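Commentary on secondary and tertiary structure
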Amino acid sequence: QVQLVESGGGLVQAGGSLRLSCAASGRTFSSYAMGWFRQAPGKEREFVAAISGRGGTTYYADSAKGRFTISRDNAKNTVYLQMNSLKPEDTAVYYCAARNGLGYAGPRGYDYWGQGTQVTVSS
């Protein structure tokens, strides 16, 4: 089992940047595929980005392509989401998630979830 703690959220103006971090417990972090999801008020949770266990494969939602970058540092048991050119519609609670599947990088099958970090983008 893995426990996840997100950080790095906050208030930013449109066009600005934030970097989210997700620290994971456990000694087998590199065996987990990691993903970022978000949920805006009144909307369903949606997939943002994912990365395979060793970081060789990434996958993005269309809304994130070209603006967001997912990365991981397995030595630090941490996954990141660099968000640039932020828009008001990016406002949401952002969650990181983990799943078994070393080579997987996609939107489905996540078993472990963090508590979320709020990102608010003002216009």
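Values in this document were obtained by computation on a predicted structure and should not be read as measured data.

Attention shifts here to the overall build of the protein. The secondary structure content of the protein amounts to zero helices and eleven strands. Going from the N terminus to the C terminus, the protein shows its helices and strands as β-β-β-β-β-β-β-β-β-β-β. Computed over its C-alpha atoms, the radius of gyration of the protein comes to 13 Å, within 12% of the 14 Å expected for a compact globule of 123 residues. Expressed as lengths along the three principal axes of its C-alpha atoms, the size of the protein is roughly 40 × 25 × 25 Å. In the protein, which comprises 123 residues, the share counted as buried stands at 45%. Per element, the accessible surface of the protein, about 6,300 Å² overall, is 44% carbon and sulfur. A gap of 6 Å separates the mean positions of the 13 positive and 8 negative side-chain charges of the protein.

Taken as a whole and judged by the stated rule, the model has four salt bridges. Of the charged contacts, one joins R38 and D90 as a salt bridge, the two residues approaching to 2.9 Å between their closest N and O atoms. Remark: D90 occurs in the loop between β8 (78-83) and β9 (92-100) and R38 occurs in strand β4 (residues 32-39); sequence separation between them is 52 residues. For the residue pair R38 and D90, the accessibility class agrees, reading buried in each case. K65 serves as the salt-bridge partner of D62, at 3.1 Å between the closest nitrogen and oxygen.

Parameters at a glance
Residues numbered from 1 in each chain as written. Predicted model: local features only at pLDDT ≥ 70, side-chain atom pairs only at ≥ 80, totals over all residues. Heavy atoms only, no water. Helix = DSSP H or I, 4+ residues; strand = E, 2+ residues; numbered from the N terminus. Rg over C-alpha atoms; globule rule 2.2 N^0.38 Å. Buried < 20%, exposed > 50% of the residue type's maximum accessible area, 1.4 Å probe, protein only. Areas by Shrake-Rupley, 256 points an atom, 1.4 Å probe, with all protein chains shown as cover. Lys, Arg positive; Asp, Glu negative; His and termini not counted. Charge placed at Lys NZ, Arg CZ, Asp CG, Glu CD. Salt bridge = Lys/Arg side-chain N within 4 Å of Asp/Glu carboxyl O.

That's the geometry; what it means functionally is another story.
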